[in-house]
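What the coordinates show
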Amino acid sequence: MPERGQTTEEHEIRTATGPKNPVAVRRTGALVTLVLGGLTAVPPLSMDMYLPALPEVTDALSSPAATVQLTLTACLMGMALGQLVVGPMSDKWGRRRPLLIGLLVYILATAICAFAPTAELLIGFRLLQGLAGAAGIVIARAVVRDLYDGVEMARFFSTLMLISGVAPVVAPLIGGQVLRFTDWRGIFVVLTGVGIALTALVWRCLPETLAPEKRHGGGTVEALRTMKSLLADRVFTGYMIAGGFAFAALFAYISASPFVIQEIYGASPQTFSLLFGVNSVGLIVVGQINGKVLVGRISLNKVLGFGLSVITLAATALLLMTTGVFGEVGLVPVAAGLFVLMSAMGLAMPNTQSLALVRTPHAAGSASALLGTTSFLIGAIASPLVGIAGEDTAVPMAVVQLVCALAAIACFVGLCRPWQHRATEGVDH
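Keep in mind that this is a model prediction, so the values were computed, not measured.

Scoring rules and cut-offs
- Residues numbered from 1 in each chain as written.
- Predicted model: local features only at pLDDT ≥ 70, side-chain atom pairs only at ≥ 80, totals over all residues.
- Heavy atoms only, no water.
- Salt bridge = Lys/Arg side-chain N within 4 Å of Asp/Glu carboxyl O.
- Helix = DSSP H or I, 4+ residues; strand = E, 2+ residues; numbered from the N terminus.
- Buried < 20%, exposed > 50% of the residue type's maximum accessible area, 1.4 Å probe, protein only.
- Axes fitted to C-alpha atoms, helices over the stretch in contact; angles between N-to-C directions.
- Parallel < 35°, antiparallel > 145°, perpendicular 65-115°, else oblique.
- Left-handed = near helix turned anticlockwise from the far one by under 90°.
- Contact = heavy atoms within 4.5 Å.
- Core = buried A, V, L, I, M, F, W, Y, C linked by side-chain atoms within 4.5 Å.
- Domains from an automatic or database assignment.
- pLDDT = per-residue confidence, 0-100.
- Patch = residues over 30% accessible without salt bridge, like charges linked within 9 Å, V, L, I, M, F, W, Y side chains within 5 Å.
- Areas by Shrake-Rupley, 256 points an atom, 1.4 Å probe, with all protein chains shown as cover.
- Polar contact = N/O pair within 3.5 Å; in protein donor to acceptor, adjacent residues only side chain to side chain.

A few words now on the pattern of salt bridges. By the definition in use, this model includes three salt bridges. Measuring nitrogen to oxygen at the nearest pair gives 2.8 Å for the salt bridge that ties R95 to D146. Residue R95 is located in the loop between α6 (65-93) and α7 (96-113), and its partner D146 is located in helix α8 (residues 119-147); the two are separated by 51 residues in the primary sequence. Relative accessible area serves as the criterion here: at 10%, D146 is assigned to the buried category. Connected through salt bridges with shared partners, the residues D91, R95 and D146 form a single ionic network.

Written out as C-alpha cells, the structure is:
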C-alpha cells in the first residue's frame, strides 16, 4: 500500500525499482550538479548560439537557406548516432573515460568549424561536432540514473532543466552579441572555449558513478542484445518515441524560428534572441513547477498527458495563424503561440525521460542512448522539412509541429497505455 503522502504511481515506481543500492542513494554535490547541467547544455549551446547567424552564414557562404539548415541537421544526426556508440561504451567502461574522450573531440571539431570555407565542409564538421557532443548528453542522463530512482529521478531531471535551460536563454543572446563584434566564425571560437572549460570541470569534479561490478563486459553483440531487449519493452518504447516526437516539435521551432522571426516578421537578431530567451524561460519555469510542485503529488503520466495536450493545442493555433485563418497576424500572436508550445516542453521532456529510465536500472547507458538517439533522429528529419516551402512562409513549421505533437500523443496512448495499473509493469499506467 502507498505510504501516507505518496501517490499510487510513486509507490509502484519504488516497488518496480526495488531497494536503492549504495550508488543510487548517494547525493551529488552542487558542483557535480552544475557539471551535469553543463553537459546537458551542450546541444543548446552548440545550436542556439549559432541560430542568429544563420542568415549571415547563408550570405557569407553563398548557399541557400535549406543547405545552411543542414548544418543544424548534421549536428543533430551526429548527436543521435554518437549516443548509440557512447551509451553502451559507458555501460562497459564506466562514465568518465568515454565522456572525456568525447569532450576532447568536441573541442577539436568545434575549432575546425570556425575555419570552414564552404557550407559542405561546415556540414561535415558539424556532424563530427555532434558525434563528439553526444557523450555529454547520454552520459549525463546515465549518471542521473546511477544516482537516483523513481520520483527523485524526475525531480532531479527538472533541476537539470533549470541549469541546462539557462543555455538556450543566454546562447542566442550571446550569439547576437558576438555578431556585433565579429562574424559567425567567432561563435564557434566561443563554443571552443566553453568545451575547454567544461572538460576541465569534468576532469576535476565529476567522479565515476558506475561501480565496476555493475559494468557490462560484453562487446558490440551484447550491446545490441541489450538494446533489443529494451526496445522489446512496449512501455519503454512508447515513452521513448513520444519523447522523440515532442523533441522534434521543439526542434522544428529551433530550426525555423530564425527565418520566421527575422525574415518573415522583420525582427533584428537581437529581438529574435530576446524572444528565444523569453520562450526558454517559460520552459525553465514550467520545468521547475513540474519538479518542485507536481512530481510526487500528481501522477507523472497525468502531467505528461497534459503537457502533450498543451503542445498540440499550441501547434494547432500556430497553424491556424500562419495559414491566415485569423487574417493577417503580426509577430506578437505568433510569438505567444511559440511561448506556450515551448513552456509545455517543461512537462513533456523530463517526464518522458524519467518514466522510461525508471524501467532500466540494469542498462542506464544503453537506455539513455536510445532515448537520445530517437529524439535527435526524429528532430533531424523534422529540421529540413520546416524550410521546404522557402523562407517566406511559416506554415511548414506549424505543420511539422502539429504532426509531431499528434504522433507523440498517439505513442503515449497506444504504447504506454497510461490508464492501466499493473504492478508487474511498474509505471505502465
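There is more to say, and it comes next.
With that settled, consider the packing of helix α12 (residues 234-264) against helix α16 (residues 364-385). Viewed as axis vectors pointing N to C, α12 and α16 meet at an angle of 40°, and their least axial separation amounts to 7 Å. Comparing their axes, α16 and α12 come out oblique. Remark: the crossing between α12 and α16 carries right-handed chirality. In this structure, α12 uses F236, M240, I241, G243, G244, F245, F247, A248, F251 and S255 to contact α16, whose residues at the interface are A367, L370, L371, T374, S375, F376, I378, G379, A382 and S383.

Along the polypeptide, L147 turns up in helix α8. Classification of L147 as buried rests on a relative accessible area of 2%. Distance in space between the C-alpha atoms of L147 and T209 is 7.4 Å, their sequence separation being 62 residues.

Core analysis: the largest hydrophobic core is formed by 126 residues, its most contacted members being L36, L39, L122 and M345. Lining this core are residues from two domains, each supplying at least three of them: domain 1 (28-209) and domain 2 (220-421).

Turning our eyes to something else, we now look at the confidence of the model for the protein chain. In low-pLDDT regions, the fine details of the predicted coordinates are not to be read closely. With 86% of its residues at a pLDDT of at least 70, the protein chain reaches an overall mean of 80. Within the model, the stretch residues 1-27 combines pLDDT values under 50 with 51 contacts to residues more than four positions away or in other chains. Here residues 421-429 scores under 50 on pLDDT; set against residues more than four positions off or in separate chains, the count is 31 contacts.

With that settled, the discussion passes to a nonpolar patch on the surface. A contiguous nonpolar patch, built from L81, L84, V85, I101, V105, L127, L128 and L131 and spanning about 570 Å² of accessible area, is present on the exposed surface. Looking at the nonpolar patch, the elements that each hand over two or more residues are α6, α7 and α8. Turning to its location among the elements, V85 is positioned in helix α6. Here V85 falls in the partly exposed class, since its relative accessible area comes to 49%.

Counting through the fold element by element, T209 comes out in the loop between α10 (185-205) and α11 (220-231). For T209, a relative accessible area of 4% gives the class buried. Among the polar contacts made by the side chain of T209, one reaches the side chain of D146 at a distance of 2.7 Å.

Once that is clear, we can look at the packing of α8 against α16. Packed helix pairs are characterised by how far apart their axes lie and by the angle those axes make with each other. Remark: α8 packs on α16, axes separated minimally by 8 Å, with the N-to-C direction vectors making an angle of 140°. Taken together, the axes of α8 and α16 lie oblique to each other. When you trace α8 past α16, the crossing you get is right-handed. For the pair α8 and α16, the contacting residues are I137, V138, R141, A142, R145 and D146 in the first and A364, G365, S368, A369, L371, G372 and F376 in the second.

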